[in-house]
Each structure stands twice: as C-alpha cells, then as structure tokens.
Amino acid sequence: MTTSFHPPVRTLMGPGPSDVSPRVLAAMARPTIGHLDPEFIRMMDEVKEMLKNLFKTKNELTMPISAPGSAGMEACFVNLIEPGDKVIVCQNGVFGGRMKENVVRFGGECILVEDEWGTAVSIEKVKAAFAANADVKALAFVHAETSTGVCSDAKVLCELAQANGALTIVDAVTSLGGVNVDVDGWGIDAIYSGTQKCLSCPPGISPVSFSAKAVEAVQNRTTPVPSWFLDTNLVMGYWGGGGKRAYHHTAPVNSLYALHEALVMLEEEGLDNAYTRHQKHHLALRAGLEAMGIGFLVDEDSRLPQLNSVLIPEGVDDAAVRTALLQNYNLEIGAGLGALAGKVWRIGLMGTASTQRNVMLCLDALENTLAGMDAPIKVGVAAQAAAAVFAK
Ligand SMILES: *Cc1c(COP(=O)(O)O)cnc(C)c1O
C-alpha cells in the first residue's frame, strides 16, 4: 500500500522555491470554501489591495494569476503582442530567452539585445536598438535575472521605453519583495511575479499588474487574444471589482489563503524593512564567503541581495558539494545554468529564508563540506566575518 508522503524538512537557499513561513503553511491548511463565497471574495479584494501596495501601483488590473510565474510572463505577452508587433527583448540570462520565445510564438518580431550572462542589461545597447528600429511596441526585460544573480536598472530602461513611445513588460518574479519595485514611479506597463521567490509562498501563483496604457493596448487589438485562459478581459470578469463576479475558472482557494497570509506578513514587516533585511543578510553572506576565498560572479553594483551567484573554487566537484549539503545539512543551494553550469553556485536568500540563521548555516555547511574535500579555501574565518556584519 502506498503511504502518505512526508517531505524532509529542508532549508531552501536556491533559486526558488524558497522557504515557506509556517504561518503561510498554516493558512493553507484552513478549510476550503467556495470560490464565489462572499467571504472568499472579501479576501480576494484584500489580496488585490495588498498586491497594489507591494507593486507600488494604483493599477486597477492587478491580480494573481492562478498559475506559476511562467504563466504571468505568458499573460503579459499573449495580451499585448499581436502578429507583426516589434518587441525589443533584453536577454542576459535564461528568462530573457523565454521572453523572446513568447514574442515569436505570438507572431511578434523580436529585436534581441544580448548581454553576457552575469552582466546587467546594457542601457547603451537598448538605446541603439530603439534608434535602429521605428515603431517598437514594447520593451521587455528581466528586472532580477535569477539564472545569474543580476539586477538590471528597471527605472532607466522604462524611461528609455517611454521616450520612444513603447510599452514596458517587466519580469519581477525574483525582484518583488526582495528589492524595490516601483510600478507607477517607473511607469511599468505590464509586470508579473511569482509567489515562491521573495514572497515566501509555495509555487503556483503569479501576481500581475497592467497599467491603463496596457489595458488600452489590449482593448485596441485587431485580433482576439489567442489564449482563452489568460485573456485579461475574461479573467477580470472574475477578479474585477464591483462585487459582481462571474465564474471564469475555479480559483486555487487555499493557495490564495497562502498568498494573503504572506502579504499580511510583508505589510507587518514593512516593505523597506524587508529590502533592508535582504541587503543586510546578503552582505553578511558575502563577508563570510569572501573571507573563505569565494568570490562573486556579478559586479558589486548589479548584484541581487536575494540571489548570490558565487564562483566554485578551483577543482571542486559542483554536484558532490550540493549533494553533501543536502544529505548532511538538509540545505539546498542552486546549480549554475547554461554556460555557468559547474562554474557557479546560486545561493538564495529570499523572503522568509533571508535570515541570520540561514546565512550562518550556509557558511558553516559550505566550509565543512569544502574543507572535507581539501578544497582551496580558508577555514575558520567565515563565521566571524559574517558575525561582524550582523554586529554593525
Ligand atoms: C522563477 C522565475 C520565472 C518562472 O517562474 P515559475 O514560477 O517557475 O514559472 C520567471 N522569471 C524569473 C526571473 C524567475 O526567477
């Protein structure tokens, strides 16, 4: 007979999912109610309001899509891009490549601006792409590239798009909740995120927001949105205000309890405090790693505090270390992707997982594991270096 599944208790310090707060897990276990129940609708309205505060927007079309971050990405492209539309896509890692794939599949013309993995999107290259192409409908870029640990300058990229009359489509899956995201301040037109990175929720929900300009672009389409499920006109019939809600799909009721609880927790902490916490723990981890002799892939000015890509010391077996961390410390860190496979580890400090305890655990586990393999690192100094940052 098959028995119940009881997962091991891990510490998740990879590229996501990240640790889920016990409070959020407890919220998920509350009784399921009907997705048109007035109490559920009241909760949905609170989720929408809290998402607006988190995105820093007044956009009416702000809601969680009932599917993971990739569906949020697809929702932006499928609604905004029509056959023949020119879209500048910035690719400096895995997720920019997926944006390109979305543009092409919906019949758009993709103008690709490529930057080396581990570097930020080049403002100069985007400028040149606008100069070389008239009538660009949208500029699409990833704010926080989880595949490399790079933060690009969303504010300046959005200014460039506006100066050229283009819409902006922004991937904030890993940035939201970990670093500042200012939808109205920066003039972002379509943005999507995910629950399992810095929002400390289980995977499976994608908060999105569309500006009035983006909604107008959807309404002015000459062809119908080629996805029924992700058509914002239809989804809004369910998520829209006014208390009149039409059945569109059955909302993932308990997953939305989780998102509600996570957003309440973020409100309690305060957004600025959350950003400061992410930054502080990043600096402590960095001090410990650098004391050990482990360096970072990304230049200091474009590093993400919530995703640390660090260089694997010479001669060290990447997979053996990650396996040892998992087996001996129940600690998960991420592998490098693509050209960075075997060259970097990706250490996440996202949401609830961004704690002093996790920083110290990771340093200790890495030091012991690497020392046991005779790796070229300095031992006995990391914890003190990190502690010095916490003491500040
Ligand atoms: C994780 C991630 C996604 C995809 O989200 P899923 O929930 O895995 O579909 C998209 N973009 C970025 C930057 C991510 O980190």
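For the structure itself, consult the block above.
About the thresholds
- Residues numbered from 1 in each chain as written.
- Predicted model: local features only at pLDDT ≥ 70, side-chain atom pairs only at ≥ 80, totals over all residues.
- Heavy atoms only, no water.
- Helix = DSSP H or I, 4+ residues; strand = E, 2+ residues; numbered from the N terminus.
- Rg over C-alpha atoms; globule rule 2.2 N^0.38 Å.
- Areas by Shrake-Rupley, 256 points an atom, 1.4 Å probe, with all protein chains shown as cover.
- Lys, Arg positive; Asp, Glu negative; His and termini not counted.
- Charge placed at Lys NZ, Arg CZ, Asp CG, Glu CD.
- Contact = heavy atoms within 4.5 Å.
- 1 Å grid on protein atoms, 1.4 Å probe; cavity = no way out; pocket = protein on both sides within 12 Å on 5 of 7 lines; lining within 4 Å.
- Points joined across faces, edges and corners; volume = space filled by probe spheres on them.
- Nonpolar A, V, L, I, M, F, W, Y, C, P; charged D, E, K, R; others polar.
- Domains from an automatic or database assignment.
- Buried < 20%, exposed > 50% of the residue type's maximum accessible area, 1.4 Å probe, protein only.
- Near = heavy atom within 4 Å.
- Polar contact = N/O pair within 3.5 Å; in protein donor to acceptor, adjacent residues only side chain to side chain.
- Axes fitted to C-alpha atoms, helices over the stretch in contact; angles between N-to-C directions.
- Parallel < 35°, antiparallel > 145°, perpendicular 65-115°, else oblique.
- Left-handed = near helix turned anticlockwise from the far one by under 90°.
- Pairing = 2+ DSSP bridges.

Colleague: I'm lost on the overall build of the protein in this one. Help?
Modeller: Along the backbone of the protein there are 14 helices and 13 strands. Computed over C-alpha atoms, the radius of gyration of the protein comes to 21 Å, within 12% of the 21 Å expected from 2.2 N^0.38 for 392 residues, which places it in the range of a compact globule. For the C-alpha atoms alone, the extent of the protein along its principal axes is close to 65 × 55 × 45 Å. Split by element, the accessible area of the protein, about 16,100 Å² in all, is 54% carbon and sulfur. Positive and negative side-chain charges of the protein, numbering 31 and 42 respectively, have mean locations separated by a distance of 2 Å.

Colleague: Help me out: how do you make sense of the side chain of T232 in this one?
Modeller: Looking at the secondary structure, you find T232 in helix α9 (residues 232-239). Setting aside its immediate chain neighbours within four residues, T232 contacts L61, N79, F210 and V218.

Colleague: What is the right way to read the layout of surface pockets from this model?
Modeller: One simple way to see leftover space: roll a probe sized like a water molecule over the atoms. Volume-wise, the largest pocket comes out at about 430 Å³. Lining the largest pocket are 17 residues, with V9, R10, D19, V20 and L25 sitting closest to its centre. Mapped by element, the contributors of at least two residues to the lining of the largest pocket are β1 (11-13), α1 (22-28) and α13 (356-372). Its residues placed into classes, the lining of the largest pocket shows nine nonpolar, five polar and three charged. When residues are assigned to domains, the lining of the largest pocket turns out to be shared by domain 1 (22-267) and domain 2 (271-391), each giving three or more.

Colleague: I'm lost on unusual backbone geometry in this one. Help?
Modeller: If a residue is not glycine, its phi is most likely negative; likewise, a peptide bond is most likely trans. In this model, G16 is joined to P17 through a cis peptide bond whose omega is 5°. Position of P17 among the secondary structure elements: in the loop between β1 and α1. Of note in the backbone geometry, N330 takes a positive phi value of approximately 50° without being a glycine. Secondary-structure assignment places N330 in the loop between α12 (318-329) and β12 (331-335). Even without being glycine, D374 reaches a positive phi, approximately 55°. If you trace the backbone, D374 turns up in the loop between α13 and α14 (382-391). According to the relative accessible area criterion, D374 is exposed, its value standing at 71%.

Colleague: Looking at this model, I keep getting lost on empty space enclosed by the protein. Mind explaining?
Modeller: Considering all chains together, one arrives at one cavity of 30 Å³ or more under this definition. Quantified by volume, the largest cavity comes out at close to 40 Å³. Together, P64, I65, S66, F229, L230, V235 and H249 line the largest cavity. Along the lines of polarity and charge, the residues of the lining of the largest cavity split into five nonpolar, two polar and no charged.

Colleague: Just to check I follow, could you spell out the site of the ligand for this structure?
Modeller: Within the structure, the ligand sits among P68, G69, S70, F95, V142, A144, T146, D171, V173, T174, Q196 and K197. T146 is positioned with one of its side-chain polar atoms (N or O) 2.3 Å from an oxygen atom of the ligand. The side chain of T174 places a nitrogen or oxygen atom 3.1 Å from an oxygen atom of the ligand. Relative to its free-state accessible area of 380 Å², the ligand is covered by the protein chains to the extent of 88%. Here the residues of the shell around the ligand are counted per class, giving five nonpolar, five polar and two charged.

Colleague: I would appreciate a short explanation of the packing of α13 against α14 in the present structure.
Modeller: Between two packed helices, both the angle of their axes relative to each other and the distance between the axes serve to describe the pair. Close contact between α13 and α14 brings their axes to 9 Å; oriented N to C, the two are set at 165°. In terms of axis orientation, α13 runs roughly antiparallel to α14. With respect to the hand of their crossing, α13 and α14 are arranged in right-handed fashion. Counting all contacts with α13, which are made through Q356, V359, M360, L363 and E367, the residues of α14 involved are A382, A383, A386, A387 and F390.

Colleague: Got a minute to help me understand the sheet that holds strand β5 (residues 136-142) in this structure?
Modeller: Two orientations exist for strands paired in a sheet by backbone hydrogen bonds: parallel and antiparallel. Here we have seven strands laid out as an open sheet, ordered β2-β10-β9-β8-β5-β3-β4, and mixed in their pairing. Taken across any chain shown, the strands that pair with only one partner, and hence form the sheet edges, are β2 (61-65) and β4 (109-114). When the angles between neighbouring strand axes are averaged without regard to direction, this sheet yields 15°. Two elements, strand β3 (residues 86-91) and β4, share six bridges in a ladder whose sense is parallel. Its bridge partner lying in β4, V89 is registered against L112. Running over the sheet, helix α2 (residues 38-55) touches β2, β9 (190-192) and β10 (206-210) and is turned about 110° from β2. The strands touched by helix α4 (residues 94-105) are β3, β4, β5, β8 (167-171) and β9; relative to β3, the strand with the most contacts, the crossing angle is about 160°.

Interpretation note: all reported values are geometric properties and have no functional meaning in isolation.
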